[in-house]
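# Commentary on secondary and tertiary structure
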Amino acid sequence: MRIALLANPRSGGETQAAALERRLTAFGATVRTVGDPCDPEPDFGNADRVAVAGGDGSIGPAAAAASRAALPLAVIPSGTANNFARALEVPQELEEACRLAATGTSIRPVELCWLGERPFVNCASAGLAVAAARSAKHWKGILGPLAYAVGAAAAGLRTPALTCKVTTDGQHLFEGRAWQVVVAGTGAFGPSANVGPTDQADGLLDVVVLQSGSRLALVRRAYGLQTGTIKAQDGVTHRRAARVQFEGRAHFNVDGEIVAPGDGASFGVEAGAVQLVVG
């Protein structure tokens, strides 16, 4: 198996490129490190597949590059939460993830989502998710995944609701004030939260709007996100769509990275664009 490796140098520890090359080679692969997952045009040469090592924010750009090259993608999770691996049941233990990347033969088609020209795989969230991510950033090195819970609690106490309008496939979905707007692929975020079941084969985004209200009610919203039942709650709007238009001035938390699209944001999805190596 000839593997083109994209390794995030900021992941640290045993996920540095040289250490990963040794692990993958031990499972019989021929490995060539071709750069960072966010490199705009990586050269994969004659590789049989692409392997990406990094957090959730690294997977979207790597998936887009692998899709353009018509190559399967193997994921070696090395972030704090590793939501994509959790949602798609990719091994999160380093040794097993490397074994799968080097020897796995099963492929699962997975959607590739877009915010403008930025690819992502899990979700893009405006509102409380942005404030929570900013708060969690200061605690990740100390608390690990628990930092997301601390960040969410801090955001819920002091972050104002956002004003926005959301249109899906040209039809009105929501207009007003909301605590959070989520445009989801896998729908997983934080250490264990998700928006509920999503279909990676339907070529549709899941759009979930948490309407504003009492801050005390955010406890129930948090429970719905932890249990995957948020879409069934009163005051929550949900629809599946191929195209989503967000109007309003807001930042988005895109697979853990904060993005500022300006006064509006357009979302799309490519069905089956990612050929994911699975167990």
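For the structure itself, look to the data block above.
Here we summarise the structure given alongside this text. (Residues numbered from 1 in each chain as written. Predicted model: local features only at pLDDT ≥ 70, side-chain atom pairs only at ≥ 80, totals over all residues. Heavy atoms only, no water.)

## Examining the overall build of the protein
- A count of helices and strands for the protein gives eight helices and 17 strands.
- Taking all 279 residues of the protein together, the buried fraction comes to 53%.
- At a minimum sequence separation of 6, the contacts of the protein that also span at least 24 residues come to 70%.
- Accessible surface computed for the protein: about 12000 Å², of which carbon and sulfur atoms make up 52%. (Helix = DSSP H or I, 4+ residues; strand = E, 2+ residues; numbered from the N terminus. Buried < 20%, exposed > 50% of the residue type's maximum accessible area, 1.4 Å probe, protein only. Contact = heavy atoms within 4.5 Å. Areas by Shrake-Rupley, 256 points an atom, 1.4 Å probe, with all protein chains shown as cover.)

## A closer look at the packing of aromatic side chains
- Using the criterion set out here, one finds three aromatic pairs in the structure.
- Measuring from centroid to centroid gives 5.1 Å for Phe-246 and Phe-252, while their planes differ by 80 degrees, and the two rings are edge-to-face. The exposure classification of Phe-246 matches that of Phe-252, with both residues buried.
- Each ring, one from Phe-252 and one from Phe-267, has its centre 5.5 Å from the other, and the planes form 65 degrees; the classification is edge-to-face. Residue Phe-252 is located in strand S15 (residues 252-254), and its partner Phe-267 is located in strand S17 (residues 264-278); the two are separated by 15 residues in the primary sequence. (Phe/Tyr/Trp six-rings, centres within 6.5 Å; stacked < 30°, edge-to-face > 60°.)

## Side note on the state of the cysteines
- By the definition in use, this model includes zero disulfides.
- Of the cysteine sulfurs around Cys-123, a residue in no disulfide, the closest is that of Cys-113, at 9.2 Å. (Disulfide = S-S within 2.5 Å.)

## Things to note about the layout of surface pockets
- If you add up the space inside the second largest pocket, you get close to 170 Å³.
- Around the second largest pocket, the lining comprises 11 residues; the ones closest to its centre are Gly-127, Val-130, Leu-162, Ala-250 and His-251.
- Per-element tally for the lining of the second largest pocket: the top contributor is helix H5 (residues 128-137), with three residues.
- Looking at side-chain class alone, the lining of the second largest pocket contains six nonpolar, three polar and two charged residues. (1 Å grid on protein atoms, 1.4 Å probe; cavity = no way out; pocket = protein on both sides within 12 Å on 5 of 7 lines; lining within 4 Å. Points joined across faces, edges and corners; volume = space filled by probe spheres on them. Nonpolar A, V, L, I, M, F, W, Y, C, P; charged D, E, K, R; others polar.)

## Focus on helix H8 (residues 218-227)
- Turning to H8, its buried residues are Leu-218, Arg-221, Gly-224 and Leu-225. Taken around the axis of H8, the buried residues stretch over an arc of 110 degrees, which confines them to a single face. When the buried face of H8 is taken as reference, the exposed residues oriented beyond 90 degrees from it are Val-219 and Tyr-223.
- One or two residues past the end of H8 sits Gly-228, with phi positive at roughly 70 degrees. (Arc of directions from axis to C-beta.)

## Section: empty space enclosed by the protein
- With the rule as written, the count across this model stands at one cavity of 30 Å³ or more.
- In terms of lining residues, the largest cavity is bounded by Gly-57, Pro-61, Arg-118, Pro-119, Phe-120, Val-254 and Asp-255.
- Elements that contribute at least two residues to the lining of the largest cavity include exactly helix H2 (56-68) and strand S6 (118-120).
- Per element, the largest residue contribution to the lining of the largest cavity is three residues, and it comes from S6.
- Residue classes in the lining of the largest cavity are distributed as four nonpolar, one polar and two charged.

## Things to note about H2
- When the terminal C-alpha atoms of H2 are compared, their 19 Å separation across 13 residues agrees well with the 18 Å that a helix rising 1.5 Å per residue should span.
- By the criterion of burial, H2 is predominantly enclosed, with 10 of the 13 residues buried.
- By the burial criterion, the buried members of H2 are Asp-56, Gly-57, Ser-58, Ile-59, Gly-60, Ala-62, Ala-63, Ala-64, Ala-65 and Ala-66.
- Downstream of H2 by one or two residues, Ala-70 has phi in the positive range, about 55 degrees. (Expected span 1.5 Å × (residues − 1).)

## Some details on the packing of helix H1 (residues 17-26) against helix H4 (residues 94-103)
- Running from N to C, H1 and H4 point in directions that differ by 60 degrees, and their axes come no closer than 9 Å. One element, H1, and the other, H4, form an angle in the oblique class. Here H1 runs over H4; the crossing is right-handed. Facing Leu-20, Arg-23 and Leu-24 of H1, the residues of H4 in contact are Leu-94, Glu-95, Cys-98, Ala-101 and Ala-102.
- Grouping the amino acids of the contact of H1 with H4 by side-chain chemistry returns six nonpolar, no polar and two charged. (Axes fitted to C-alpha atoms, helices over the stretch in contact; angles between N-to-C directions. Parallel < 35°, antiparallel > 145°, perpendicular 65-115°, else oblique. Left-handed = near helix turned anticlockwise from the far one by under 90°.)

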